[in-house]
Amino acid sequence: MNNRVFLLKPPTKEFSSSFPLNLAYLAAVLRKNGYEVKVLDASARYSIVAPSEILGEIRDFKPLFVGVTLTYDFIKEKYYLINMIKRLGYPVVAGGPHVNIVPMEVLGHGVDIVSLGEGEEVVLELAEAFSGKRKLEEVHGLGLRRSDGKFVFTPRRKEIQDLDSVPFPDYTDYKIRDYIGNDNLDMNKTFFDVFTSRGCPYRCTYCSASRTWDGGQRRRSARNVFEEMMMLHEKYGAKHIAFMDNEPLVDKKRIYELCDLLENSKVKILISTRARVDNVDDKLLKRMMEVGFYKLAIGVESGDDETLRMVKRFYTQEQVLDAMSRLDSIKFPVVHFNNIIGFPWENDKHLNSTLELNRKIPSSLKYFVNVLTPIPMPGTPLYEEYYERFKFKDWWLDSSVYEKLLGGMTKDAPLFYVFMPRLKLDYYRVDFWKYSPTMKKKILELQLSLQKIAYMKNRDFKLLELFFVFLLIKVSVRLFLLSPRLERFLMSPFKHKRMIAYAGKFIFKEQ
Ligand code: SF4
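Counting starts from 1 at the beginning of each chain's written sequence and moves along it residue by residue. Owing to the predicted nature of the model, reporting of local features is limited to residues with pLDDT of at least 70; listing and counting of side-chain atom pairs is limited to 80 or more, with chain, interface and lining totals taken over all residues. Working from all heavy atoms in the structure, the side-chain values ignore hydrogens and water.

On to the environment of Pro103, then. Assignment of secondary structure puts Pro103 in helix H5 (residues 103-108). The contact criterion used is simple: two residues touch if any of their non-hydrogen atoms lie within 4.5 Å. Contacts of Pro103, omitting those with residues within four sequence positions, involve Val114, Leu116 and Phe153. Strands here mean DSSP runs of E at least two residues long; helices mean DSSP runs of H or I at least four residues long; both are numbered from the N terminus.

What follows concerns the packing of aromatic side chains. The criterion for an aromatic pair is that two Phe, Tyr or Trp rings (for Trp, the six-membered ring) have centres within 6.5 Å, with stacked assigned to planes under 30 degrees apart, edge-to-face to planes over 60 apart and tilted to the rest. Overall, the coordinates contain 35 aromatic pairs when judged by the stated rule. Ring centres of Tyr383 and Trp396 lie 5.2 Å apart, and the angle between their planes is 55°; this geometry places the pair in the tilted category. Separated by 13 residues along the polypeptide, Tyr383 in helix H15 (residues 381-390) and Trp396 in the loop between H15 and helix H16 (399-406) bring together distant segments of the chain. Given a relative accessible area of 4%, Tyr383 falls into the buried group. Ring geometry for Tyr427 against Tyr435: centres 6.2 Å apart, planes inclined by 80°, an arrangement best described as edge-to-face. The classification of residues rests on relative accessible area computed with a 1.4 Å probe and restricted to protein chains. Under 20% of the type maximum is buried, over 50% is exposed, and intermediate values are partly exposed. Using a relative accessible area of 10% as the deciding quantity, one classes Tyr435 as buried. When the ring centre of Tyr25 is taken as reference, the NZ or CZ atom of Arg198 above it lies at 5.2 Å. Counted as over-ring charges are cases with an Arg CZ or a Lys NZ within 6 Å of the ring centre that also lie within 35 degrees of the ring normal.

Attention shifts here to the packing of helix H19 (residues 437-458) against helix H20 (residues 463-482). Axis definition: a line fit to C-alpha positions, over the contact stretch in the case of helices; interaxial angles, taken between N-to-C directions, run 0 to 180 degrees. Remark: H19 packs on H20, axes separated minimally by 12 Å, with the N-to-C direction vectors making an angle of 155°. Viewed along their axes, H19 and H20 adopt a mutual orientation that is roughly antiparallel. Pair H19 / H20 crosses with right-handed handedness. Every residue of H20 that contacts H19 at Lys441, Leu444, Leu448, Gln451, Lys452, Tyr455 and Met456 is listed here: Leu463, Leu466, Phe470, Ile473, Lys474, Val477, Arg478 and Leu481. Per-class residue counts for the contact of H19 with H20 are 10 nonpolar, 1 polar and 4 charged. The scheme is simple: roughly parallel for angles under 35 degrees, roughly antiparallel for over 145, roughly perpendicular for 65 to 115, oblique for anything else. By the definition used in this description, the sense in which the near helix is turned from the far one sets the handedness, with an anticlockwise turn below a right angle giving left-handed and a clockwise turn giving right-handed. Charged means Asp, Glu, Lys or Arg here, nonpolar means Ala, Val, Leu, Ile, Met, Phe, Trp, Tyr, Cys or Pro, and polar covers whatever is left, Gly included.

In this section: unusual backbone geometry. In this structure, Lys331 takes a positive phi of about 55° despite not being glycine. Summarising the element assignment, Lys331 is placed in the loop between helix H13 (317-329) and strand E14 (334-340). A positive phi angle, close to 50°, is found at Asp394, a residue other than glycine. Along the chain, Asp394 turns up in the loop between H15 and H16. Classification of Asp394 by relative accessible area gives partly exposed; the value is 27%.

Interpretation in functional terms is not warranted from these geometric data alone.
Written as structure tokens, this is what we have:
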């Protein structure tokens, strides 16, 4: 009897550099229950798989159904591929973040079934339904297209409360070289991701977490997280692990327990984690440092109290600075954070507050910044509130918009990009918020200023050196905005081997 399930992450121009962990979870559950599974990540950076090959693999495997995970990038191309798969005669079930936000859109583009919420229980029941062991309509958490063309939804599925009962993700189908181009794990320190919890107790307006999860946070036990980390270390040689859940540090007792387990194991693993400003607890972080935690991605986002309130972060500039000085006092090794500037209500006052915040961060703290403008992600309150006013309804359905957001920076990169690959100028290409020319200029200046402050504070640069490098970057940016071809023509003499090697010292490498 056919017991095969094909799981696919479709190809996209936005390459992935780590495993699709959601499919690895589904594969683990299915295999544990006797199903034969094939997982194909067609978007892995070093092994992009063309649609024709994907169709060939599906045809050869002859699955009961094809499960596809969907994110909103290049979604039209993904819908096109799904319809090609359907023409082979295989039902397609879609899950993932985009499906939870716009299930009707996904069904409307030809997908047979959408799976809402967590997939581990649904995928098993779906496999049983396609094997004739139960009725499809009895599976909770689905949206279906009926034979009369109407869409129906089965009752909502409850979230899994006991996360320790979920098997560890199955990495069998992945090869590290598909993601980083070789087998050297030191090249990608965030390669092995672990989710210690699901959901987020907060409701920031630019984030769609609340649309994906019911609300609140469900946590795995310290022992269960520890055992997964040991499995990654022993079976795959993991030396670095990144905690990728939204707020791993909310339950401090659990993290203290994890620290004890890691200490007693004597295994050395470097761990990066995330935290909100109001979860920075120096005593806890000091303990975490003793057992291998070395990098903290901290949600800062803005230095302006009004903006922080409007995006529902609910902390203040004072609290951010307090958190930073506590991280400094314990000499936490590496801190990363984002500044988001240019929300639709922002003016000089807001931008200046963010500048002021960055200036006040203690000089001895080793920190790295990204400076971004807000993108109205599907399903976020920011999108819902502003799409009519700024006329960007369903913008993700136009692939050219996403193409412009990516910016084509990989080929013939301008000189500034060699120094600052994370300098995002997407608001010049896709102006969601209809900034005035003056505002764009201010945002650009602030982006450069904040990067310069970070370099001045915690890098070993001479002032004169920074002056010339930033002059070069500014000229390159200005020319690029006038015409990328002009920039290429005039700045190419600077793009020689030695300059590129020198620029390496300015890049915020993954530490
Ligand atoms: S931005 Fe982070 S803290 Fe805020 S809702 Fe999203 S996941 Fe939660």
